[in-house]
Amino acid sequence: MKIDRSRLKKSTSEVPVECQVLIDKLRSCSHKELLEVLKVIDTWTFGKCELYHWIDILDMSDAILEEAATRVEPSSWTLACDLPQNSEDKELLLWVLHFTTLLIEHSFSRHLYNSMEHLITLLSSCDMNVVLGVLNLLYMFSKRSNFITRLNNDKRQALLSRLTHLAESWGGKENGFGLADCCKDVSVAHFPPSSTTLHFEYYSEVPESMSVSGKGKYSNLITSIHIENVDKMNKTPAAIMNELLEQYNMQLFTHIRLAHCFSNRRLRLLCVQARLQALSVLVYSNALAENAHALLYSGILEELVELLEMPIPNLVEIRAAALRTLTSIIHLDRNPHLPNRKPGSRLNMIIDVTGAGSYHGFLPALVRTCIMTLTSSYSDTCSVQFPLPLATALFSFLYHLASYEAGGEALVSCGMMESLLRVINWPGTELEHITFVTRAVRVIDLITNIDMQAFQMHGGLTSFISRLEVEVTVCRKEQPFEITFSNSHPEIQDPHGQGFVAQGLSSSNSSHNMVVPSEENVPSGSEQSTDSLNSGTVMSPMEVILTPSQESSNCRLTSTPMQVPRASTSFTYVSNESALTSQVANCLKSSGSLPDYSAARTGKTCLPQRAALLKSMLNFLKKAIQDPAFSDSIRHVMEGSLPSSLKHIISNAEYYGPSLFLLATDVVTVYVFQEPSLLSSLQDSGLTDVVLQALLVKDVPATREVLGSLPNVFSALCLNARGLDSFVQCSPFNRLFKVLLSPVYLAAMRRRRSSDPMGDTASNLGNAMDELMRHQPSLKVDAMYAIIKLLEELCVLGRDPKYICWRAQNKMDVTPAPAPRPSGNNEGGSSDEEDEDEEEASTSSHPQREDAASDSSALHEKTPIALIDYILNVMKFVDAILSNNSTDDHCREFVAQNGLVPLLSILGLPNLPVDYPVATAAQAVASVCKSILNLAHEPRVLREGLHQLSKVLEQLQPLHSPVKAPGSSVLLHELASAPNLDSAFTSAAATPLLHAMGAAHGYVIMFVHVCRTGQVSSPLLK
């Protein structure tokens, strides 16, 4: 049935341009035009996005499926798609199934799909091509998600029963029905007569009053249906079924269809393929508990291998299906619901029957032949011997085999590494080539966990870096933008080749500048003494330490100069080149605007298959850099093309996606931590400058993983004085902390699941920021000042009358009006090795519903903001920084910079709802106060709290004034006097007493929470 849109959350994830164009095109097509469009979509060359954006197309497909699955008569087994006059509709049906399979593979939030009842009905089609089309779609669902296991019980049981009937044995090899035998090009006379005979037994109920003499009473009798030569009956399987009984109808229909098709080899091959595909779906759906012994009978593995060994060229699809079935069986050993099996027993049997552990075994020989054919210059030979489906299934089998220790050891012992590296070195960049290279990379990644020697012996690391360069070069043609640096100015390449636009200063060329602050204006409240500042005035010609209180970095790199308590500190510039110093000084005196990075937002995205390959290679490089086995060669890994490739990926997060962006920065980070002495070489190449620009000047990708990694990246880049200089020039903390007050990042701040042991992003970011500040003590003053400015900005949002605190009215309402964010369209790639979580959509933000928007217009056009969410995230972040360690230095710095005033002011913000004191955010404010009191034993926490509470109590003086006769409630009178009753409870201007009471309640809650510690000494109360 069509998707119920009223129950869906609207997604704000961006749709890749290619997807949107295709959606618009399909939406406007008639059935005839739709068929022509779908015929040319043989492989997926579009982006990856939420299935939500394809709802219109899914509803169109549902109508086509519903029409095809309609029974001719209510009690008939003949479907509309099986009627001869509907041949064109059947062709459209097959292409719709094919397209839906591709769509499900390259999307997430698959739970939206709502046409399962039609798929179940189509499994009873008389045309095996239709059955196979449905099975391919079900296979994608079962392998990529838990969609089938989450179906409601009725649909799931109906589906699994049909799949079980399709997958059941036909008698086995000993009875003349081996899989390989059934695929041979022989006449039906070579098979037992039962191949075209229908023999079906069932129990028929009879009245208990009927008895058999001398045998007692029976409640049922065994009844048999026996029809020979079904293939010669001039009737369709549906017509035969209509004439027979209704009990056990689907199983009976499956038997009739098989007997009817068996004498025709083409149809018999389709039946074999359908049986193998149904078995794979059952295995991936964990539905073999009751039928495991019947479906996976003794000898089936040998039959599958025998099927693979058949040299007949036109069995490509069946051999691919056999490999997919072997792949699914590999994972059965992990299934706890299958008893009576020793751990690894089936895996060891598969290794034995395929000869995977021997160089001359069947599987290694098949893989080597496939790779030699693929990488040869004769593409025609490749397409004939190893077409795309077979080669794909073979590489997928290798990956899953290597994911187990026994399988990986077998692949190591058979010498598979050299052949796999040949695939990496294969220069092809076509779509199918990329897919095979991706699988080869993942297999290598797994088997190098067992043995690294063969990989090093054949120059594997060089092959990986060269291949990465090849793929990035292809991406450059589509996305030429890159942040570059020349003559100490970061530049943006003009994608149209019309020159460069200067964007800032390059730290790689600013090392001749020494900035020495004078000491008279350093604030006394800071523990950052003049000794620590002066320690930076003696430096080598290649290193510089800029004070962390520098007002601005350059004329183009910052939008708002960061002002710290030492903003009045004077600077003395010492330079070997006066011209360069003058240029730096002029830039620092200028207030610049943010660089224009619009050239990076072309709307294009990396091809999903290529993104999957890049992701696999970067993951491997990240692992290899930290591997002791590479300790000698890893020092030189950044001397070639790798920095250039990383620069392009890091410069184009919009094109490559958050996942690849994160991996590229992680590669830089782990390399610096592994080889800290080589950080200067990365700085000379400009790679570190690109990283800083991408993280601090451009918008950071709105994912929890990227946000959580930022402090670790910064720690790596600040390991030497030159890196610290570059970091400080970017005014990092103001830019970094702004994500806590941005609606775009709200979804990334939430936990993905309530049971997530890693906690939420805000706390993790605070913990990591604390570590950064401890590794680089010179950053503490600036960081703390930025935190206080963040609190002040939060107070501005809470006091500005043009804002109103947005409140969710029901579960469907989420954060109001966030800006669209990338959908992660190219992170999963197209490889069937990547299992994806059905809950992936929970990380994406959703917009405010229309009813919430109408509420906003009713409240005098006030802008709704997620003020409570902002407060909660900021408090978690601040609390993590202050209390991550048991020392009091951060707390004292916070108090010294007068941070208590904005912190405690949050409890009395007029834009907060009146029930705010009982919310989690109010408890979070109290937790920060408690941490400061416990760690620093600072009496100003209570003093400032009492001071602000006294201000609130002054606002409540009217409560003590007597009301003139006949008397009334002061609060009720205030409410009645409000200009608009609908907005009275949300407007502090309309009900000031009510909001002041709420604020007083908040302060009382804070004092109660703080004093529960039991550690407050009497001097604190004086």
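Residues numbered from 1 in each chain as written. Predicted model: local features only at pLDDT ≥ 70, side-chain atom pairs only at ≥ 80, totals over all residues. Heavy atoms only, no water.

Considerations on helix α7 (residues 153-167)
And step 1. Taking 1.5 Å of rise per residue, the 15 residues of α7 would be expected to cover 21 Å, and the 21 Å separating its terminal C-alpha atoms lies within 8% of that figure.
And step 2. When we look at burial in α7, the residues that qualify are Arg156, Leu159, Leu160, Arg162, Leu163, Thr164, His165, Leu166 and Ala167. (Helix = DSSP H or I, 4+ residues; strand = E, 2+ residues; numbered from the N terminus. Expected span 1.5 Å × (residues − 1). Buried < 20%, exposed > 50% of the residue type's maximum accessible area, 1.4 Å probe, protein only.)

Describing unusual backbone geometry
And step 1. For Ser731, which is not glycine, the phi dihedral falls at a positive 45°.
And step 2. Note on placement: Ser731 falls in the loop between α33 (721-729) and α34 (732-737).

Overview of the pattern of salt bridges
And step 1. Scanning all chains against the criterion turns up 22 salt bridges.
And step 2. Linking Lys184 and Asp181 is a salt bridge whose minimum nitrogen-to-oxygen distance equals 3.3 Å.
And step 3. The salt bridge involving Asp699 is made with Lys738; its shortest N-O contact spans 3.8 Å. You can see Asp699 sitting in the loop between α31 (687-697) and α32 (704-717) and its partner Lys738 sitting in the loop between α34 and α35 (746-749), a full 39 residues away along the chain.
And step 4. Look at Lys738 and you get partly exposed, because its relative accessible area is 36%.
And step 5. Through salt bridges that share partners, Asp24, Arg27 and Asp56 make up one connected network. (Salt bridge = Lys/Arg side-chain N within 4 Å of Asp/Glu carboxyl O.)

Observations regarding the side chain of Ser905
And step 1. Within the fold, Ser905 resides in helix α41 (residues 900-905).
And step 2. Relative accessible area serves as the criterion here: at 10%, Ser905 is assigned to the buried category.

Looking at a negative patch on the surface
And step 1. Together, Glu66, Glu67, Glu88 and Asp89 make up a region of like negative charge exposed at the surface.
And step 2. Within the secondary structure layout, Glu88 lies in helix α4 (residues 87-105). (Patch = residues over 30% accessible without salt bridge, like charges linked within 9 Å, V, L, I, M, F, W, Y side chains within 5 Å. Areas by Shrake-Rupley, 256 points an atom, 1.4 Å probe, with all protein chains shown as cover. Lys, Arg positive; Asp, Glu negative; His and termini not counted. Charge placed at Lys NZ, Arg CZ, Asp CG, Glu CD.)

Topic: the packing of helix α15 (residues 345-354) against helix α19 (residues 405-413)
And step 1. For the pair α15 and α19, interaxial distance at closest approach is 10 Å and the crossing angle is 20°. In this view, α15 runs roughly parallel relative to α19, as classed from their interaxial angle. For α15 against α19, the interelement crossing comes out right-handed. For the pair formed by α15 and α19, the contact residues are Leu347, Asn348 and Ile351 on the first element and Ala406, Gly407 and Ala410 on the second.
And step 2. Split by residue class, the contact of α15 with α19 holds four nonpolar, two polar and no charged. (Axes fitted to C-alpha atoms, helices over the stretch in contact; angles between N-to-C directions. Parallel < 35°, antiparallel > 145°, perpendicular 65-115°, else oblique. Left-handed = near helix turned anticlockwise from the far one by under 90°. Contact = heavy atoms within 4.5 Å. Nonpolar A, V, L, I, M, F, W, Y, C, P; charged D, E, K, R; others polar.)

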